[in-house]
Amino acid sequence: MLEKFKDSVKDFSSSVKSKVAEKELDEDTLNPLLEDLRLQLLQNNVSLEAAEAIEEELREKLLGQEVTRGKVQETVDEAVEEVLLELLDDSFDFEQRLDEAEDPPTVFFIGFNGSGKTTTVAKMARKLKDRGVVMGAGDTFRAASIEQLEEHGENLDVKVISHEYESDPAAVGYDTVEHAENEGKVALVDTAGRSHADQNLMNELDKMIRVNEPDVTFLVVDALAGNDVLEQAEAYEGMFDAVIVTKMDVDENGGAIISISERSGKPVAFLGTGQDYDDIREFDKEEFIESILE
Ligand SMILES: Nc1nc2c(ncn2[C@@H]2O[C@H](COP(=O)(O)OP(=O)(O)OP(=O)(O)O)[C@@H](O)[C@H]2O)c(=O)[nH]1
Ligand SMILES: [Mg+2]
């Protein structure tokens, strides 16, 4: 993953290197290279704001500096690292949030169509199974969504609370929370995929959140959505505590994490890294930056 992002940073370093060999880095030399890097980052779905921040940091570090040829790569890497460390937030401690929550801890998963919500609910159920979990089939809208979650429930031996299709998802949430309370479990509630264009579905989600008052709401976004994650951050603004970025295993750009962090100001809590139940890991920004710069 992240191959293209890596390549952009490397390309930039080698073009700076070749210029450094010729003369000192003045504005005329550096500007076209920085512009090139910015375009490449944008192509990798890095948001404009983040790309510009990286560009600025690099300009400051490189312009007029006596960077020796051997140090160019290091200087470029440092600048990228600095910007990303500042921008990314991996401080969300999910287990701690569950421990501190009122009983029963209630967790919602919201996001656009196909972003990976239902799969992530199942992965989380597996992860938290020792605590005791129940899953709520809060997507009463999309055909086959209830069966999809029930299949995960069977595979994982985890109870699923469901109602009829077209029924009120807030009531599904309510029943899931009640079951969790009776059994001392964590409630993991799936929701229907929606975009802000679906005003009815957005209102329904609003109601669901008001009625059930989740302790943690995750916005689930798909790394392949690229810059569309910006639209998603806006559509769900104020409704989520942290982000889960799925499909990192098939993403070569790496931009979605950067864009959503920059736009939402919220931490990224987990990454989805495949279609199996174990394919979820905590987001670690140092590790992420290292994988870009290695
Ligand atoms: N490669 C890969 N595929 C994933 C990952 N997470 C989810 N998927 C796949 O993405 C597709 C959609 O996942 P779902 O969990 O159904 O997404 P959803 O958000 O619930 O979709 P809707 O309910 O239709 O809105 C499925 O084929 C999943 O197997 C991941 O981390 N990596
Ligand atoms: Mg779903």
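Just so it is clear, the structure is predicted and the values come from calculations on it, not from any experiment.

Caption draft 1: Examining the nonpolar core more closely. One finds Phe12, Leu58, Tyr236, Val245, Ile257 and Phe288 to be the most contacted residues of the largest nonpolar core, which totals 58 residues. The leading source of residues in this core is helix H4 (residues 72–87), at 6 residues. When residues of this core are sorted by domain, at least three fall in each of domain 1 (3–87) and domain 2 (94–283). Residues in contact with tyrosine 236, not counting those within four places in the same chain, are Ile110, Gly111, Phe112, Arg194, Met202, Leu205 and Leu219. Grouped together as the second largest cluster of nonpolar side chains are 29 residues, Met135, Ile146, Phe218 and Val220 included.

Caption draft 2: Expanded view of the packing of helix H6 (residues 117–127) against helix H7 (residues 145–156). At a closest axis distance of 10 Å, the pairing of H6 and H7 adopts a crossing angle of 20°. Here H6 is positioned roughly parallel relative to H7, judged by the angle of their axes. Of the two elements, H6 crosses H7, and the hand of that crossing is right-handed. Contacts from Thr118, Thr119, Val121, Ala122, Ala125 and Arg126 in H6 reach Gln148, Leu149, His152 and Leu156 in H7. The residue inventory of the contact of H6 with H7, partitioned by class, reads 5 nonpolar, 4 polar and 1 charged.

Caption draft 3: The arrangement of the site of ligand 1 in detail. Around ligand 1 sit 20 residues, and of these Lys117, Thr118, Thr119, Arg142 and Gln275 come closest. At a separation of 2.7 Å, an oxygen atom of ligand 1 approaches a polar side-chain atom of lysine 117. Interatomic distance of 2.8 Å between a side-chain N/O atom of aspartate 249 and a nitrogen atom of ligand 1. Expressed as a share of its isolated accessible area of 650 Å², the protein-covered part of ligand 1 is 83%. No other element matches the 4 residues that H6 contributes to the shell around ligand 1. A breakdown of the residues in the shell around ligand 1 according to their chemical character gives 1 nonpolar, 13 polar and 6 charged.

Caption draft 4: Layout of the environment of arginine 142. As for its position among the elements, arginine 142 is in the loop between strand E2 (133–136) and H7. Along the chain, arginine 142 and isoleucine 244 lie 102 residues apart, while their C-alpha atoms are 21 Å from each other. Once residues lying within four places of it in the same chain are set aside, the contact partners of arginine 142 are Gln148 and Tyr165.

Caption draft 5: Representation of the side chain of lysine 285. Positionally, lysine 285 belongs in helix H12 (residues 285–293). Of the side chains with opposite charge, aspartate 90 lies nearest to the buried lysine 285, which makes no salt bridge, at 4.8 Å. For lysine 285, the contacting residues outside a window of four places in its chain are Leu85, Leu88, Asp89 and Asp90.

Caption draft 6: Summary view of the domain arrangement of the protein. What the domain assignment lists for the protein is domain 1 (3–87) and domain 2 (94–283). Averaged C-alpha coordinates put domain 1 and domain 2 at centres separated by 37 Å. Contact residues are listed per partner, giving 13 residues for domain 1 and 12 residues for domain 2. Summed over both sides, the interface between domain 1 and domain 2 buries roughly 1,100 Å², with carbon and sulfur atoms accounting for 52% of that surface. Together, Asn45, Ser47 and Leu87 form the three largest contributors to the area buried by domain 1 at its contact with domain 2, with a combined 46%. There are 1 salt bridge connecting domain 1 and domain 2. If you list the elements that add at least two residues to the side of domain 1 that touches domain 2, you get helix H1 (3–22), helix H2 (27–43), helix H3 (48–62) and H4. Considering each element in turn, the side of domain 1 that touches domain 2 owes the most residues, 3 residues, to H1. In the side of domain 1 that touches domain 2, the residues fall into 6 nonpolar, 4 polar and 3 charged.

Caption draft 7: Spatial organisation of the sheet that holds E2. Here 8 strands make up an open sheet; going across it, the order is E3-E2-E4-E1-E5-E6-E7-E8 and the pairing mixed. Of all strands in the sheet, those bounded by a partner on one side alone are strand E3 (159–161) and strand E8 (280–282). The sheet shows a mean angle of 25° between the axes of neighbouring strands, taken without regard to direction. Sitting on the sheet, helix H8 (residues 169–183) touches strand E1 (106–110), E2, E3 and strand E4 (186–189), and the angle it makes with E2 is about 170°.

Caption draft 8: Spotlight on the packing of helix H10 (residues 228–235) against helix H11 (residues 255–264). Contact pair H10 / H11: the axes reach a minimum separation of 9 Å and the direction vectors enclose 30°. Judged by the twist between their axes, the crossing of H10 over H11 is right-handed. Side by side, H10 and H11 meet where Val229, Leu230, Ala233 and Glu234 of the first sit next to Ala256, Ser259, Ile260, Arg263 and Ser264 of the second. Partitioned by chemical class, the residues of the contact of H10 with H11 number 5 nonpolar, 2 polar and 2 charged.

Quick notes on the rules
Residues numbered from 1 in each chain as written. Chains lettered and ligands numbered in written order. Predicted model: local features only at pLDDT ≥ 70, side-chain atom pairs only at ≥ 80, totals over all residues. Heavy atoms only, no water. Core = buried A, V, L, I, M, F, W, Y, C linked by side-chain atoms within 4.5 Å. Buried < 20%, exposed > 50% of the residue type's maximum accessible area, 1.4 Å probe, protein only. Helix = DSSP H or I, 4+ residues; strand = E, 2+ residues; numbered from the N terminus. Domains from an automatic or database assignment. Contact = heavy atoms within 4.5 Å. Axes fitted to C-alpha atoms, helices over the stretch in contact; angles between N-to-C directions. Parallel < 35°, antiparallel > 145°, perpendicular 65-115°, else oblique. Left-handed = near helix turned anticlockwise from the far one by under 90°. Nonpolar A, V, L, I, M, F, W, Y, C, P; charged D, E, K, R; others polar. Near = heavy atom within 4 Å. Polar contact = N/O pair within 3.5 Å; in protein donor to acceptor, adjacent residues only side chain to side chain. Areas by Shrake-Rupley, 256 points an atom, 1.4 Å probe, with all protein chains shown as cover. Lys, Arg positive; Asp, Glu negative; His and termini not counted. Salt bridge = Lys/Arg side-chain N within 4 Å of Asp/Glu carboxyl O. Buried area = accessible area lost by both parts, 1.4 Å probe. Pairing = 2+ DSSP bridges.

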